[in-house]
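# Structural characterization, general
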Amino acid sequence: MSAPLGAAPGSVATMKIRGAVLERIAAPVPFAESAPITVCELDLGEPGPGELLVRIEAAGLCHSDLSVVDGNRVRPVPMLLGHEAAGRVVAVGAGDSDIAVGQRVVMTFLPRCGECAGCASEGRTPCVPGSAANNAGELLNGGRRLHRDDAEVHHHLGVSAFATHAVVDRRSVVPVDDDVPPEVAAVLGCAVLTGGGALLNSARPGPADRIMVVGLGGVGMAAVLVAVSLGAPEVIAVDTVPEKLALAKDLGATATYTPAELAEQGVQAEVVVEAAGNVRAFETAVAATAAGGTTVTVGLPAPDARASISPLGLVAQGRSIVGSYLGSAVPSRDIPEYVRMWRAGRLPVERLVSAHIGLDDINRAMDELAAGHALRQVIVFD
Ligand SMILES: [Zn+2]
Ligand SMILES: [Zn+2]
């Protein structure tokens, strides 16, 4: 199980890994033909102080990966993608660590330094050095551990999990017990943290509040699961895709609508989560928020997107709009809570997994995600 760390004389120890590298952004669709992502061999440096070498067990494809591929979120390339993942620690960098070799860990996509104003905000605003490292494609301690043919490859959100192994900062992971299967652990790290946090951290619904979720991707469907587990009197799911509405119903939603049906029938809720990441979904969510209620938006539309809403409607009806990045989560606090809910049978997140794929399927899988067909496609490594 230990990693083959081979040190050449006078050089930093590296190991060979296989990973999925985004070579260029905004390639034409279908990606299965333009192939912006190549699966190749890379050199992974050894973990530095405070870092971990993790053998990846499962990694989910998330819309935030697609947003880098299609150019909606501009990131430096080449970049080894993948940020929703779980794996086992196979080596620990120099110095003391509270994490031992063999520990299963969940990756989280925004490291927390624990010392900045963002970290002091209990998740309301992102960690400042963590965000800077993510934007630079580096790990939290600075620099990159990924090379290909002697050229550096950027890390994706401090994780880069579409690979056999990753080196990550200790502050990018949360340990979980072995009874949590890798694909469940992976989905907790992004979809559930974001969708669940939109409710538990940002909206904080009261027991009588109806909850609506607009946009049923992995994050939205996770919000449906959490809304059901909270025992909300009504859980209303909204999407354009009939299959997703059927699954939401199956997962416990009390009513489902297309956006057109929703507008036609004037259905509203006290808490409305927008998880589609486009302007029309945002406008739908705001319009469907009842007097005194809260719209929580977690989607990531294009940076130049602008929405049209009525300010008077907010004032006259005492409504609020709240933005929630990463579900305003504190992963080390929230993931153990989701694990408890999963163990109690209240959060069957394995039902969000719509397909198991191999690393080589990645371009085609991005097409599936872009087409809105896929919920969570999970890459499994053996
Ligand atoms: Zn994600
Ligand atoms: Zn911080």
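Residues numbered from 1 in each chain as written. Chains lettered and ligands numbered in written order. Predicted model: local features only at pLDDT ≥ 70, side-chain atom pairs only at ≥ 80, totals over all residues. Heavy atoms only, no water.

A few words now on the coordination of the zinc ion (ligand 2). Of the protein atoms, only C113 (SG), C116 (SG), C119 (SG) and C127 (SG) coordinate the zinc ion (ligand 2), at distances of 2.3 to 2.4 Å. Coordination geometry of the zinc ion (ligand 2): the four donor atoms subtend angles of 104 to 117 degrees at the metal centre, consistent with an arrangement described as tetrahedral. Sequence positions of the donors to the zinc ion (ligand 2) reduce to the motif C-x2-C-x2-C-x7-C. One end of the pair, C113, is in the loop between β6 (104-107) and α3 (117-120); the other, C127, is in the loop between α3 and α4 (128-136), with 14 residues separating them in the sequence. (Donors = N, O, S within 2.8 Å, 3.2 Å for Na, K, Ca; no water. Tetrahedral: all angles 85-135°; square planar, octahedral: opposite > 155°, others 65-115°. Helix = DSSP H or I, 4+ residues; strand = E, 2+ residues; numbered from the N terminus.)

Okay, the pattern of salt bridges next. All chains considered together, the criterion is met by 20 salt bridges. Here R343 ties to D177 by a salt bridge, and the two come within 3.4 Å at their closest N and O atoms. Taken together, the residues span a long stretch of sequence, with R343 in helix α11 (residues 331-343) and D177 in the loop between β10 (173-176) and α5 (182-203) at a distance of 166 residues. The shortest N-O distance in the salt bridge between E337 and R340 comes to 3.1 Å. Of this pair, E337 and R340 both sit in helix α11, three residues apart, roughly one helical turn. (Salt bridge = Lys/Arg side-chain N within 4 Å of Asp/Glu carboxyl O.)

Where the parts come together, the accessible area they lose is often given as the size of the interface. Assigned domains of the protein: these are domain 1 (9-178 + 348-380) and domain 2 (191-328). Using C-alpha coordinates to define each centre, domain 1 is positioned 28 Å away from domain 2. Each partner contributes to the interface: domain 1 provides 20 residues, whereas domain 2 provides 21 residues. Roughly 1600 Å² of surface becomes buried between domain 1 and domain 2 when both sides are summed, with 65% attributable to carbon and sulfur atoms. Of all residues in domain 1, R351, L352 and L375 give up the largest surface area on contact with domain 2, accounting jointly for 31% of the area buried on that side. (Domains from an automatic or database assignment. Contact = heavy atoms within 4.5 Å. Buried area = accessible area lost by both parts, 1.4 Å probe.)

Do not read the fine detail of predicted coordinates wherever pLDDT is low. A residue-level look at the protein finds 97% of positions with pLDDT of 70 or above and a mean pLDDT of 94. Throughout residues 1-11 the model reports pLDDT below 50, and contacts reaching past four residues in sequence, or to other chains, amount to 16 contacts. (pLDDT = per-residue confidence, 0-100.)

Taking 1.5 Å per residue, twelve residues should reach 16 Å; helix α6 (residues 218-229) reaches 16 Å between its end C-alpha atoms and fits that length. The element α6 is largely enclosed, with a buried count of eleven among its twelve residues. When α6 is considered as a whole, its buried residues turn out to be G218, V219, G220, M221, A222, A223, V224, L225, V226, A227 and S229. Residues of α6 that are buried make contact with α5, β11 (211-214), β12 (235-238), α7 (242-250), α11 and β18 (376-380). One or two steps after α6, the chain reaches G231, where phi turns positive at roughly 75 degrees. (Expected span 1.5 Å × (residues − 1). Buried < 20%, exposed > 50% of the residue type's maximum accessible area, 1.4 Å probe, protein only.)

Attention now moves to the side chain of T289. If you trace the backbone, T289 turns up in strand β15 (residues 289-297). Those residues in contact with T289 that sit more than four places away from it in its chain are Q268, A269, E270, V272, T294, T295 and R319.

Turning next to the sheet that holds strand β13 (residues 255-257). Spatially, the six strands line up as an open sheet ordered β13-β12-β11-β14-β15-β16, and their pairing is parallel. In this open sheet, the two strands that pair with only one neighbour each are β13 and β16 (320-323). Between one strand and the next, the sheet's axes are offset by a mean angle of 20 degrees, whatever the strand orientation. In terms of strand pairing, β11 meets β12 through four bridges, oriented parallel. Across the sheet, residue M212 finds its bridge partner in β12, namely I236. The sheet contacts of helix α9 (residues 279-287) involve β11, β14 (269-274), β15 and β16, and relative to β15 the element is tilted by about 150 degrees. (Pairing = 2+ DSSP bridges. Axes fitted to C-alpha atoms, helices over the stretch in contact; angles between N-to-C directions.)

This part covers the pairing of β14. The buried fraction of β14 amounts to six of the six residues, a majority that puts the element mostly inside the structure. Both β14 and β15 contribute to a ladder of five bridges, which runs parallel. Residue V273 lies in a different strand from β15, and its bridge partner there is V296. The β-α-β motif built from β14, the intervening α9 and the parallel element β15 has right-handed crossover chirality. (Right-handed = clockwise from strand over helix to strand, strands pointing away.)

Let us look at the packing of α5 against α6. Following both chains from N to C, one finds α5 and α6 inclined at 50 degrees, their axes separated by 7 Å at the closest point. In terms of orientation, α5 lies oblique with respect to α6. The way α5 lies across α6 gives a crossing that is right-handed. Residue-level inspection shows A191, V192, T194, G195, G196, L199 and L200 of α5 in contact with α6, the latter providing G218, V219, A222, A223, V226 and A227. Among the residues making up the contact of α5 with α6, the classes are represented as nine nonpolar, four polar and no charged. (Parallel < 35°, antiparallel > 145°, perpendicular 65-115°, else oblique. Left-handed = near helix turned anticlockwise from the far one by under 90°. Nonpolar A, V, L, I, M, F, W, Y, C, P; charged D, E, K, R; others polar.)

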